[in-house]
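# Topology and contacts: notes
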Amino acid sequence: MTATPDILCIGSVLWDVIGRSASAMRQGSDVPGRITRLPGGVAMNIAMTLVRFGLTPALLTAIGRDAEGDELVAACAARGMITETIYRSDDLPTDIYMAVEGANGLIAAIADAHSLEAAGSKILAALTDGRLATSEAPFEGLVALDGNLKLDLLSDIARSPVLAKADLRVAPASPGKAERLAPFVQGGRGTLYVNLEEAGLLCQRKFSDSRNAAEGLLTRGAARVLVTDGGSDATEGRPDGLLTQTPPQVLVTRVTGAGDTFMAAHIAADADGATAEDALRRALHAAATYVSGETAL
C-alpha cells in the first residue's frame, strides 16, 4: 500500500459516456450537443469528491485487464486514489455507463456493471488478506458502498464481521437497484443515502416529501438515513429526530453524479466533525454547485 486510506469506496468504477445537449429532449430527439468520456461509477464519483475534500480513498472494485481498464486505473491513481486494492480481471471487460441529458434533465441511461457483478466477493479480497484488514483485525473506518453489487453480496456485507465495526455509508446505484439495500434497512446497519423515489421503493409506498420518506425508512428499521428530492427539501433521519433543509436554488446544467456528490460531501463534513445541521448544509451546497457547474455545449 502506498498510503493509508481515509475511507474505502466499494462498488462501481467504470467509464461514463455522457451525451449532453442544451436543448429540451424527448423520445426520438436528434439534437446537437457534446459527448464526453470520463471516469465514473457511483464509487468513483464519491471517491473523486472525497479527494476534493482532502480525503484519500481506496477503491474496491473490478476493472478489466484491457486497454480501457489500464487507462481507467491510471486515471484513478492520477486523481489521488489508492488503486492497489482493485481486483483486476483477466476475462471480464471494464464496465461502462451511458447517459443522455437535455435541458430538461436526464433523458435515459444504461449502466453496464456486469463485470462488477460477476466478480462478486473477489473485490473484497483486500479486507481479509492484510492489505486493509484481516478476519482477526476487522476494518473500523469509513466505508462508502454502492448498490451495483448483487443482493447476496450486499447481504453478506451487511452481516460481515470484518465490517461490523465500520462506519458504513450506503447508496443505491439507481432507483432500479434501490431494493438491494433492504438488508441494511432490515438489519439497522449503516447510513443510507437515497432519493425520494428510492425511499419509496424500499418502503413499498409513495412519499410526498423527504421528511415523510425519512420517517418511513426509520420505521422499517433503518439506523440513519438521508433523503433527497432534487431541488426540494432534504431530510436526515435518526432515531432521535429529523432534520430538514432546503437546498440552494440553481440553474441545473447536469444531473449525473449529483447524488454521489451530495453523499461524499456529507461524509467529508461528518469526518471533519461538523454538526448535523452544518453537514447537511455543506452537502446540499456541494450538490447545488455540482449540478450548476459549467458544461461545454
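Up top is the structure these notes are about.
Here's a quick rundown of the structure. Predicted model, so just to flag it, every value in this text is computed and none were measured. (Residues numbered from 1 in each chain as written. Predicted model: local features only at pLDDT ≥ 70, side-chain atom pairs only at ≥ 80, totals over all residues. Heavy atoms only, no water.)

### So, the layout of surface pockets
Considered as a void within the structure, the largest pocket measures approximately 1300 Å³ in volume. For the largest pocket, the lining is made up of 49 residues, of which Asn-195, Val-255, Gly-257, Ala-258 and Gly-259 are closest to its centre. If you tally residues by element for the lining of the largest pocket, the top one is helix α8 (residues 258–271), at five residues. Residue composition of the lining of the largest pocket, by class: 29 nonpolar, 14 polar and six charged. (1 Å grid on protein atoms, 1.4 Å probe; cavity = no way out; pocket = protein on both sides within 12 Å on 5 of 7 lines; lining within 4 Å. Points joined across faces, edges and corners; volume = space filled by probe spheres on them. Helix = DSSP H or I, 4+ residues; strand = E, 2+ residues; numbered from the N terminus. Nonpolar A, V, L, I, M, F, W, Y, C, P; charged D, E, K, R; others polar.)

### A closer look at the pairing of strand β12 (residues 224–229)
Among the six residues of β12, five are classified as buried, and the element is accordingly described as predominantly covered. As paired elements, strand β11 (residues 191–195) and β12 share five bridges and run parallel to each other. By the bridge assignment for β12, Leu-192 is matched with Val-225. Bridge analysis of β12 against strand β13 (residues 232–238) gives four bridges, and the strand direction is antiparallel. Among the inter-strand pairings, Leu-226 is bridged to a residue of β13, identified as Glu-236. The hairpin formed by β12 and β13 contains two residues between the paired strands, and Gly-230 there has a positive phi angle of roughly 60 degrees. (Buried < 20%, exposed > 50% of the residue type's maximum accessible area, 1.4 Å probe, protein only. Pairing = 2+ DSSP bridges.)

### Digging into the packing of helix α1 (residues 42–52) against α8
Between α1 and α8, the shortest axis-to-axis distance is 8 Å and the interhelical angle comes to 45 degrees. Taken together, α1 and α8 sit at an angle that is classed as oblique. Crossing hand, α1 versus α8: right-handed. Only Asp-260, Thr-261, Met-263, Ala-264, Ala-265, Ile-267 and Ala-268 of α8 make contact with α1, whose side of the interface consists of Val-42, Asn-45, Ile-46, Thr-49 and Leu-50. (Axes fitted to C-alpha atoms, helices over the stretch in contact; angles between N-to-C directions. Parallel < 35°, antiparallel > 145°, perpendicular 65-115°, else oblique. Left-handed = near helix turned anticlockwise from the far one by under 90°. Contact = heavy atoms within 4.5 Å.)

So yeah, pure geometry; function would need other evidence.
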